[in-house]
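Examining the three-dimensional arrangement
Residue-level listing of the chains:
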Amino acid sequence: MTRMADNKKSQKGNKMWGGRFAAGPDAIMEAINASIDFDKRFYAEDIAGSKAHAEMLGAQGIISADDVKALLTGLDQVLGEIESGTFAFSRTLEDIHMNVEARLAELIGEPAGRLHTARSRNDQVATDFKLWVRGELDRTMEALADLQRALVVKAEPHAATLMPGFTHLQTAQPVTFGHHLMAYTEMFERDRTRFGDARARLNESPLGAAALAGTSFAIDRDMTAKALGFDRPSANSLDAVSDRDFALEALSAASITAIHLSRLAEELVIWCSAQFNFVRLSDGFSTGSSIMPQKRNPDAAELVRAKTGRIIGAATSLQIVMKGLPLAYSKDMQEDKEPVFEAFDALALTLAAMTGMITDLTVNEDTMRAAAGHGFSNATDLADWLVRAKGIAFRRAHHITGALVAVAEARGITLEELTLEDMQGVEPQITKDVFGVLGLENSVESRKSFGGTAPDNVSQAIARWKERLK
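So, a few notes on the structure that sits alongside this text. As the structure is a computational prediction, the values presented were derived from the model and not from experiment. (Residues numbered from 1 in each chain as written. Predicted model: local features only at pLDDT ≥ 70, side-chain atom pairs only at ≥ 80, totals over all residues. Heavy atoms only, no water.)

Comments concerning the overall build of the chain
The secondary structure content of the chain amounts to 19 helices and six strands. Along the longest, intermediate and shortest principal axes, the C-alpha atoms of the chain span 100 × 55 × 40 Å. A buried classification covers 48% of the 470 residues belonging to the chain. If you take every contact in the chain between residues at least 6 apart in sequence, the share linking residues at least 24 apart comes to 73%. (Helix = DSSP H or I, 4+ residues; strand = E, 2+ residues; numbered from the N terminus. Buried < 20%, exposed > 50% of the residue type's maximum accessible area, 1.4 Å probe, protein only. Contact = heavy atoms within 4.5 Å.)

The structure is reproduced here in structure tokens:
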């Protein structure tokens, strides 16, 4: 069987292309060219843009008031059909723009053909895409605020709950669990502001740039920009239709947020292991094993960690699509949407899952405190005391403390369990006052520098964030 027979070319010309082509596309060409399977997500944005365009054409006297009325009524009917699930999308019509226009023509007839005056699918899709991304940025910023609220609520009763702080995943210094959670609150605030910055740069309207050179019709681009909530129309028609910076920047911000979510997810996986037992995830965010009845698997946290790869991959995918494109529009840019859809779907899900996990989390305070006392986490406090109380240079104090750690480690005891005689055997200047700084509570309470882990600091930070996130 020949390829022509196998793929059965359509014998009808494409409505969009008019008389330029005698026959329709090959079936494979139709399959690779169609975007309706995914860009139908733009239906609300596409119809909003068309309504703004129609009203502007009427205001400028380019089409009649009767045409405007028919177009707005028809577009509302198309919107209702799509939202009710009765609209029949067609691959033959390629994309959301032509699906809407074709149905509009069925509903209102000739006026539908006037809607595309002074615009192109190039500025139309750029407008739709920007509107969709803008909506996702707004939803993501609110979802991040919800997660921050959950972190603050969970941190408040644990402003003084002791836990080990780690570097290299080795016990370093004692901190509080509230302080640890508030670190992520700060982290996610930077993410929120990145999305806000991206939104501000995005908010220029491509509508009216037409195919690439603008239009000879006396349109009012400020009117359509205002109607669609943009700050202004884009200043260069070539840039307007070929710009996908807004999607790249949104994906970049999404990737950084996903990395932060993955780091927190990794900590949850570690903390709820039997070896750590710092926290317990609720049944709602855990799963069991088909063979091992004792297991409680942190699958929600693991999936948050894994979906980071999808989001970073989406950013890389779009970067590769865009890297070699000359101005203005190229069909390659049809591949810009699916990565963005996939990334923001994954990000919305992971944010919701993390917010749920943090909200339901229970903390094993005794286990955390016991772990904070292991690994000589108060060694720095001893070194600092030698500097502060005895005027010893820090490098020498560091050496003295290291020697005392070695003594304690050899005996299987903690620093505070060493006797004064033990300590004076290494450094005669040490006095009994040293024991006042070696307790875990004393250690965290001493970290009063701005941003430090002292419980009072943590409580103040929580109060600030509660007010900020109202």
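Here we look at empty space enclosed by the protein
Summed over all chains, the structure comprises two cavities of 30 Å³ or more. As for the second largest cavity, its lining consists of Ala372, Gly373, Phe376, Ser377, Asn378, Thr414, Leu415, Glu416 and Leu440. (1 Å grid on protein atoms, 1.4 Å probe; cavity = no way out; pocket = protein on both sides within 12 Å on 5 of 7 lines; lining within 4 Å. Points joined across faces, edges and corners; volume = space filled by probe spheres on them.)

A few points about the pairing of strand 1 (residues 162-167)
Sheet analysis places strand 1 next to strand 2 (residues 170-176), joined by six bridges and oriented antiparallel. By the bridge assignment, Phe166 is partnered in strand 2 with Thr171. In sequence, strand 1 turns back onto strand 2 through a hairpin of two residues, with His168 there showing a positive phi of about 60°. (Pairing = 2+ DSSP bridges.)

Re unusual backbone geometry
Across the junction of Leu327 and Ala328, the peptide omega takes the value 10°, indicating a cis bond. Its identity is not glycine, yet Ala210 carries a phi of approximately 60°, on the positive side. Residue classification places Ala210 among the buried positions, given a relative accessible area of 8%. The backbone of Asn277 shows a phi angle near 55°, a positive value even though the residue is not glycine. With respect to the secondary-structure elements, Asn277 resides in the loop between helix 11 (245-271) and strand 5 (279-280).

Describing the packing of helix 4 (residues 43-59) against helix 7 (residues 121-155)
For any two helices packed against each other, one specifies the crossing angle of their axes together with the interaxial distance. Packing of helix 4 against helix 7 brings their axes to within 9 Å, and their N-to-C directions diverge by 120°. Considering the angle they form, helix 4 stands oblique to helix 7. As helix 4 runs across helix 7, the sense of the crossing is right-handed. In this structure, helix 4 uses Glu45, Asp46 and Ser50 to contact helix 7, whose residues at the interface are Gln124, Asp128, Leu131 and Trp132. Taken together, the residues of the contact of helix 4 with helix 7 break down into two nonpolar, two polar and three charged. (Axes fitted to C-alpha atoms, helices over the stretch in contact; angles between N-to-C directions. Parallel < 35°, antiparallel > 145°, perpendicular 65-115°, else oblique. Left-handed = near helix turned anticlockwise from the far one by under 90°. Nonpolar A, V, L, I, M, F, W, Y, C, P; charged D, E, K, R; others polar.)

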